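Remarks on the overall topology
Read off the chains here:
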Number of protein chains: 4
Amino acid sequence: MTSSQNTPPAIRIDSQFDSGNIEVLSVDGATARLAIPHDHMSEFRQWFHFRVSGAAGRELVLKIVDLETSAYPAGWPGYRACVSEDRDFWGRADSEYDAKADGGTLTIRYTPASDLAWFAYFAPYSMERHHDLVSEAAASEGVSYRALGTTLDGQTIDCLELGEGDKQVWLYARQHPGESMAEWWMEGALECLTDPADPIGRALRQRCRFHIVPNCNPDGSRRGHLRTNAVGTNLNREWETPSADKSPEVLAIRNAMDATGVDFAMDVHGDEAIPAVFLAGFEGIPSWTDDLGDKYYRYRAILERRTPDFQTAKGYAVSKPGTANLSMSTNQLAERFGACSMTLEMPFKDNDDLPDAEQGWSPERCQILGRDCLASLLEWLDEGN
Amino acid sequence: MTSSQNTPPAIRIDSQFDSGNIEVLSVDGATARLAIPHDHMSEFRQWFHFRVSGAAGRELVLKIVDLETSAYPAGWPGYRACVSEDRDFWGRADSEYDAKADGGTLTIRYTPASDLAWFAYFAPYSMERHHDLVSEAAASEGVSYRALGTTLDGQTIDCLELGEGDKQVWLYARQHPGESMAEWWMEGALECLTDPADPIGRALRQRCRFHIVPNCNPDGSRRGHLRTNAVGTNLNREWETPSADKSPEVLAIRNAMDATGVDFAMDVHGDEAIPAVFLAGFEGIPSWTDDLGDKYYRYRAILERRTPDFQTAKGYAVSKPGTANLSMSTNQLAERFGACSMTLEMPFKDNDDLPDAEQGWSPERCQILGRDCLASLLEWLDEGN
Amino acid sequence: MTSSQNTPPAIRIDSQFDSGNIEVLSVDGATARLAIPHDHMSEFRQWFHFRVSGAAGRELVLKIVDLETSAYPAGWPGYRACVSEDRDFWGRADSEYDAKADGGTLTIRYTPASDLAWFAYFAPYSMERHHDLVSEAAASEGVSYRALGTTLDGQTIDCLELGEGDKQVWLYARQHPGESMAEWWMEGALECLTDPADPIGRALRQRCRFHIVPNCNPDGSRRGHLRTNAVGTNLNREWETPSADKSPEVLAIRNAMDATGVDFAMDVHGDEAIPAVFLAGFEGIPSWTDDLGDKYYRYRAILERRTPDFQTAKGYAVSKPGTANLSMSTNQLAERFGACSMTLEMPFKDNDDLPDAEQGWSPERCQILGRDCLASLLEWLDEGN
Amino acid sequence: MTSSQNTPPAIRIDSQFDSGNIEVLSVDGATARLAIPHDHMSEFRQWFHFRVSGAAGRELVLKIVDLETSAYPAGWPGYRACVSEDRDFWGRADSEYDAKADGGTLTIRYTPASDLAWFAYFAPYSMERHHDLVSEAAASEGVSYRALGTTLDGQTIDCLELGEGDKQVWLYARQHPGESMAEWWMEGALECLTDPADPIGRALRQRCRFHIVPNCNPDGSRRGHLRTNAVGTNLNREWETPSADKSPEVLAIRNAMDATGVDFAMDVHGDEAIPAVFLAGFEGIPSWTDDLGDKYYRYRAILERRTPDFQTAKGYAVSKPGTANLSMSTNQLAERFGACSMTLEMPFKDNDDLPDAEQGWSPERCQILGRDCLASLLEWLDEGN
Ligand SMILES: [Ca+2]
Ligand SMILES: [Ca+2]
Ligand SMILES: [Ca+2]
Ligand SMILES: [Ca+2]
């Protein structure tokens, strides 16, 4: 005698969609054991994105294992997984990390109200949304578009250009494709710059010529990679010697920068471990001057003054004089162009100085930060750059 | 001595995105010569979807050639290409077909206001939008979801279920993936059925159990196919003997139908040639009865009475007694279940009885027709089925 | 020593806003005793609309007394009060009627989540929303506007005109201003007629010339009246001998009708007592013919077939031959123009054949019915009128 | 024989709606001669708001005369009238002022595309929108509502309260009801404070207790006044000795302030003449200290740094020591509470440092400034207040 008719069916887990990435090791009822696949032709693995179906009203227990050998094991303690049922609002699910279990296990618990729940390392930003973003921006007054180049999967490197000023400002994001917060930030920045009412955007367009690459790595994005492109290249280690074979994305962007020059550059990223928003500069480049360094420090101070979602206490250690890695874009652009160049890092976790229990760091906060970074740029320019 | 600096740059044409499909033969300034690639492992070719960049304010002249050997050459005379700059509103571009030029050439002329313009055989319906549709529906009161199976590309066959009645109603669309109007129709149908205020949806949910497959062929959809799945199978010729190798989509759906039975079925399609909305039935099945046929004719008459976007004068010739092709779903379901089964065909062109100069047949009209088809179902049921 | 600091403050009740109407007899904590003021210069009283503040999380007990002498005491048994906290979604509050208590008491119980809750006899339709509706419609392709006249409070009688056909169709609403459902219906009707994609609206515009008065009684609307204008006139008893002094609204509309003629007319209303949607015709007019009557019965049958939110079992008794009240618009228009003329009645309560526990009859259902009434008009015309 | 049937009909001008205010002196075809009525029981006149109908495609010539004796004749040179056809987007109409014509004439020229066009001194903010704003804010997490008092027309003085900090911050607007930009500013401020993602709002709510009165003068607002309440009182001259008879609004608000104390106060206004955004302080109050003054100057400097839509070059002359008018709220609150108190002035014209040809100063810019003022408050607090 069995009670099989009373056993709820096992859940199902899928990832065959834009930026989907998971390996299902086993499923038992509403419990699953999962692993994160590597980026293609690369050892990096950290980004996950999958859909669970068939669990309405049941508590899911999702165990992602073997994380001590993931790209950033320090990313898991204190991290809570992102979850959405309507694919619009992304909250956080209760998550717990045990470094000792099963090679390092993140256990996610969540009871969906409906039969479909989407989980991701951070709220995904699909290529379809990317195309919407680029097309809407390109249709705004005074904005032009150009394709800087073509990726190895045949996608375009999309660049939006606007503004009548002479300061050459380059904003670029998602060299590391799993850092989807970077493109959410771009939405906020583009909204500010194309809003006909926003005085920040309007004043910046008088002073600057903007070159905006919302997604430097569409192949990695669509493939569900954390850090690399279609052939496993970490683009942010290619800026000294980009190649058509390994890093056509960087080659295309750097060539375009060579043509315009660069006065100010921001490379937008996410950081797995540090629960804060911070900047990294170009300390240690061969042609470092305190004058140039001060420009960057001044920008950083302005941004810190303007928003409680930015801080300077936490962040990366700086390179010693002469030791900067010129294969990284921020260093390369400071060295190559004398640009005030910087890397913006947003958390996968939260800003622990102003935590949000429901959403943690979120797409909405990325968008707001986008405007605040631009407003800081205007204040910085007004002070005499 | 050249004046090259005064020559506007050549446009660029891309198709590496969801359902993108074009071959660029040559580009000269704002003029391009294009061809439509075959579906993978198939001879069918008719669906196109591409983006043109760099043409703000210039007249594009896009020549798609070699169309006399496309799947439906009769689809080109009188057809106007779909175009969008914001990826939301889809209008029509001036288009002219010359059967004698270059193997059959459709010449599209359009002057975009902005630098990006998207062209397609019909307004595309991406897998991302599909997932939004399915997730939002699944989150509605009283709706459940189940995956009926898995495609050869690893995607799911998504099925939504709702209603407390005993009439088993199956609605399914996009067996032919390039007929994207079929999924726009699904949006309207699902909106009607999940709107807590709509009396049509509410009354139908009391009388019926709905099983809705908004997209039977996600692989073909994503790949930019006209008629086939990932291995070149025309799914609507697989209903007699579906197989896991060639047509797992049909196998999964038909198995699920076997489990529920089918009282009423609608298979939603688009037609390349005929400028009208029409239905095709199951004449010629072995177990034809006039009683069953009358049910179908009665439904058709109700729909004709209810909306000027449906008619019965134009359509397909009917099969002679005993000659119905049972590999097609409509015939198979009528034969297998005694279901009132039908194929809904919407035009790629327009409804010539009520033409719309700006949009032709459009996503918006598909959505409205979705509700009108359901309202007709309710009226049909109320008359005594 | 008292514990007064622990007593929650009394709630506050206000009604000094568009269509506000209540008299506060007493307030004690979260309980209030209320009465409904008469329409100005009239004995009618039934419409209420007020705001309660200061009750977040507390159960309100609102007793509206003396209702046995209200205009329609039969309106209270089975009625549930409309309530909204965001002024967008209108639900229903638990309500109970006791004819014997305090001259007839409706006790409303509701626990608002926030400090502001709005209560009304039906979801209000403000003059501001009216102006939005009229301006948006007037801005649509092919729509013109004219003011038919001026009310005694100096407001305009707004009329929208559209369509290229020769059938003269007049749609008019809110002669009785407290029947706000009538203007919600108008929103749905105007949406259908101005939607460039809707085949119903498009086909009707080919066949008809529409004259639409979304609000015949703006003074009563703004003043919070149930049935009368600024000087206490029941406009729907003025159609035989309208006057500039008592009923300039009717005089203006009837004059405009005289100029165009009327083929089809619908006067949109709400009914206090009957929990159903129904039509009333023009039986008993002097020039009654069965032919004209049949036109009306045929329309009614079509509408009944098309939507479960309409029925013919419940409704008003018909007048005997020769006894029709020609001061009512429906009778007057049938008599005067030989028009197929009718009064549409929607419930303040619900459609008991398809009840909605959460919202009862709602603005959303009014809007949907607006389209279904127009679709029925098209079907009626197509049958040979 | 005349060709009168070819003369287009005269336009019609109406103002019987929320905040409507105009006198029609004469109309001839599409030209009208107009005057601005005084506020009730007051000599102030400057606010106008009216609707023109019947002019689709014709150039309107609207002459508002006798403006040299309006409240602020300096408001007319350089001013362009606000106009909207959809009541959502407010642009500017070509306008020219001739001080010598007809006692001072503003000639507005505009060709509406549709039959209805709305003109106003600034984009109106209706009481209906006010109630939407207040109800939506009150429904937000952690926001409470209280009515501070009742106006002479029986409306409520609505106050929203939020925040867990101990700094008492009062924001209040529309003492002068025709300065509708003040309530648009409030929309932006409330959006910032209630947005669960905005770090500015979130951090401010930790530090402050906000008391927000979006509209101090609902009677004047509804009546279409420029500067006074229902009995002609200029509320911003009542703060020393408010009375229940003349200024119950101020009495209610000041009493509430006495109960909470005030640390920071902003009184939001519009200025007729000066084409800039500026602040006015409390120089000249008896208990002036440079310390308190510096707080205000510091806030002003922060705001100037943060947005190009604020400046300090243009503005009002400051009072000499001991000569401050304590009947004005800003002075009264600084004197009474030692508050850092200020008056924010936005233009009816434009910010001439960053002009917008299409919209001039606009509702959208008011909203953005609302957030920027709050962000400045946070920066000001962080510096050590
Ligand atoms: Ca990174
Ligand atoms: Ca087909
Ligand atoms: Ca009535
Ligand atoms: Ca003022």
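What counts as what
- Residues numbered from 1 in each chain as written.
- Chains lettered and ligands numbered in written order.
- Predicted model: local features only at pLDDT ≥ 70, side-chain atom pairs only at ≥ 80, totals over all residues.
- Heavy atoms only, no water.
- Helix = DSSP H or I, 4+ residues; strand = E, 2+ residues; numbered from the N terminus.
- Contact = heavy atoms within 4.5 Å.
- Areas by Shrake-Rupley, 256 points an atom, 1.4 Å probe, with all protein chains shown as cover.
- Lys, Arg positive; Asp, Glu negative; His and termini not counted.
- Charge placed at Lys NZ, Arg CZ, Asp CG, Glu CD.
- Donors = N, O, S within 2.8 Å, 3.2 Å for Na, K, Ca; no water.
- Buried area = accessible area lost by both parts, 1.4 Å probe.
- Salt bridge = Lys/Arg side-chain N within 4 Å of Asp/Glu carboxyl O.
- Polar contact = N/O pair within 3.5 Å; in protein donor to acceptor, adjacent residues only side chain to side chain.
- Expected span 1.5 Å × (residues − 1).
- Buried < 20%, exposed > 50% of the residue type's maximum accessible area, 1.4 Å probe, protein only.
- 1 Å grid on protein atoms, 1.4 Å probe; cavity = no way out; pocket = protein on both sides within 12 Å on 5 of 7 lines; lining within 4 Å.
- Points joined across faces, edges and corners; volume = space filled by probe spheres on them.
- Nonpolar A, V, L, I, M, F, W, Y, C, P; charged D, E, K, R; others polar.
- Axes fitted to C-alpha atoms, helices over the stretch in contact; angles between N-to-C directions.
- Parallel < 35°, antiparallel > 145°, perpendicular 65-115°, else oblique.
- Left-handed = near helix turned anticlockwise from the far one by under 90°.
- Pairing = 2+ DSSP bridges.
- Least-squares fit on C-alpha atoms with pLDDT ≥ 70 in both.
- Domains from an automatic or database assignment.
- UniProt positions renumbered as here; feature names shortened; annotations may be inferred.

A few words now on the overall build of chain A. Looking only at helices and strands, chain A features 8 helices and 17 strands. The C-alpha extent of chain A, read off along each of the three principal axes, is 80 × 45 × 40 Å. Sequence-distant contacts, at least 24 apart, represent 75% of the contacts inside chain A between residues at least 6 apart. Just so you have it, chain A exposes about 12,800 Å², and 47% of that area is on carbon and sulfur atoms. Across chain A, 36 positive and 60 negative side-chain charges occur, with their mean positions spaced 1 Å apart.

Attention shifts here to the coordination of the calcium ion (ligand 3). Coordination of the calcium ion (ligand 3) by the protein involves His176 of chain C (ND1), Glu179 of chain C (OE), Glu179 of chain C (OE) and His269 of chain C (ND1), with metal-donor separations of 2.3 to 2.5 Å. Positions of the donor residues of the calcium ion (ligand 3), expressed as sequence spacing, correspond to H-x2-E-x89-H.

The next thing to look at is the interface of chain D and chain A. Between chain D and chain A, the residue contacts involve 25 residues of the former and 25 residues of the latter. With both sides pooled, the region where chain D packs onto chain A buries about 2,100 Å², and carbon together with sulfur makes up 54% of that total. Between chain D and chain A we count 4 salt bridges in total. Inspection of the chain D/chain A interface yields 9 residue pairs in polar contact (both at pLDDT 80 or more).

Residue and element names in this part refer to chain D. With 12 residues, helix H1 (residues 127-138) extends 16 Å from end C-alpha to end C-alpha; this agrees with the ideal 16 Å at 1.5 Å per step. Extensive coverage of H1 is indicated by the burial of 9 of its 12 residues. Inspection of H1 places Met127, Glu128, His130, His131, Leu133, Val134, Ser135, Ala137 and Ala138 among the buried residues, and these make up the whole buried set.

By volume, the second largest pocket is sized at about 1,200 Å³. Put simply, the parts of the chain that give the lining of the second largest pocket at least two residues each are helix H1 (127-138) and helix H8 (363-382) of chain C together with H1, helix H2 (181-194) and helix H8 (363-382) of chain D. Taken together, the residues that form the lining of the second largest pocket break down as 18 nonpolar, 10 polar and 21 charged.

All right, on to the coordination of the calcium ion (ligand 2) then. All names here are of chain B. His176 (ND1), Glu179 (OE), Glu179 (OE) and His269 (ND1) make up the full set of protein donors to the calcium ion (ligand 2), lying at 2.3 to 2.5 Å. Sequence positions of the donors to the calcium ion (ligand 2) reduce to the motif H-x2-E-x89-H. Assessed through its relative accessible area of 3%, histidine 176 is described here as buried.

Our next topic: the packing of helix H2 (residues 181-194) of chain B against helix H8 (residues 363-382) of chain B. Residues and elements named next belong to chain B. Where H2 contacts H8, the axes come no closer than 7 Å and their chain directions differ by 50°. The pairing of H2 with H8 is recorded here as oblique in orientation. You can see that H2 and H8 cross each other, and the crossing is right-handed. Residues Met181, Trp184, Trp185, Glu187, Gly188, Ala189, Cys192 and Leu193 of H2 lie in contact with H8, whose contacting residues are Pro363, Cys366, Gln367, Leu369, Gly370, Arg371, Cys373 and Leu374. Considered class by class, the residues forming the contact of H2 with H8 number 11 nonpolar, 3 polar and 2 charged.

This next bit is on the pairing of strand S14 (residues 208-213) of chain B. Residue and element names in this part refer to chain B. A large share of S14 lies buried, amounting to 5 of its 6 residues. As defined by bridge partners, strand S12 (residues 156-162) adjoins S14 across 3 bridges and the pair is classed as antiparallel. From the neighbouring strand, leucine 160 faces S14, where its bridge partner is isoleucine 212. As paired elements, strand S13 (residues 167-173) and S14 share 6 bridges and run parallel to each other. Residue pairing for S14: glutamine 168 is matched across the bridge by arginine 209.

Attention now goes to the sheet that holds strand S17 (residues 340-347) of chain B. Residue and element names in this part refer to chain B. With respect to topology, 7 strands assemble into an open sheet ordered S11-S12-S14-S13-S15-S17-S16, the strand pairing being mixed. Unpaired on one side and paired on the other, strand S11 (144-150) and strand S16 (278-280) mark the two borders of the sheet. Strand-to-strand twist of the sheet, defined as the mean angle between neighbouring strand axes without regard to direction, takes the value 25°. Where strand S15 (residues 264-271) and S17 come together, 8 bridges link them in parallel fashion.

Note that the two copies of the chain are related through a rotation about an axis and a translation along the same axis. Between the two copies, chain B and chain A, the superposition gives an RMSD of 0.0 Å; the rotation angle is 180° and the shift along the axis is 0.0 Å. Both chain copies can therefore be described as sitting about a two-fold axis. Identified as the residue of chain B closest to the rotation axis by C-alpha distance is glutamate 128 of chain B, at 3.4 Å. Both copies share a contact surface, since 100% of the interface residues of chain B are interface residues in chain A too.

Bringing H8 of chain D into the picture now. Along its 20 residues, H8 of chain D runs 29 Å from first to last C-alpha, staying within 8% of the 28 Å computed at 1.5 Å per residue. Taking burial as the measure, the 20 residues of H8 of chain D include 17 buried ones, the bulk of the element.

It is worth spelling out the domain arrangement of chain A at this point. All names here are of chain A. Split by domain assignment, chain A resolves into domain 1 (12-120) and domain 2 (127-381). Domain 1 and domain 2 are separated by 28 Å when their C-alpha centres are compared. With 24 residues of domain 1 in contact, the opposing surface of domain 2 contributes 26 residues. Regarding the contact of domain 1 and domain 2, the summed buried area is about 2,100 Å², with carbon and sulfur atoms giving 52% of it. At the boundary of domain 1 and domain 2, one finds 0 salt bridges. Here the residues of the side of domain 1 that touches domain 2 are counted per class, giving 11 nonpolar, 9 polar and 4 charged.

The next thing to look at is the relation of the copies chain D and chain A. Superposition of chain D onto chain A requires a rotation of 180° combined with a translation of 0.0 Å along the rotation axis, giving an RMSD of 0.0 Å. The fraction of interface residues of chain D whose copies in chain A are also interface residues reaches 100%, indicating that both copies meet through the same surface.

Residue and element names in this part refer to chain A. Residues annotated in UniProt with the feature "active site" (unreviewed entry) correspond here to Glu345. Locating glutamate 345 in the fold gives a position in strand S17 (residues 340-347). Residue class for glutamate 345 comes out buried when judged on its relative accessible area of 5%. With near-sequence residues (within four places) excluded, glutamate 345 lies in contact with His269, Gly270, Asp271, Ala276, Val277, Phe278 and Tyr316. A distance of 3.4 Å separates a polar atom in the side chain of glutamate 345 from the backbone nitrogen of aspartate 271.

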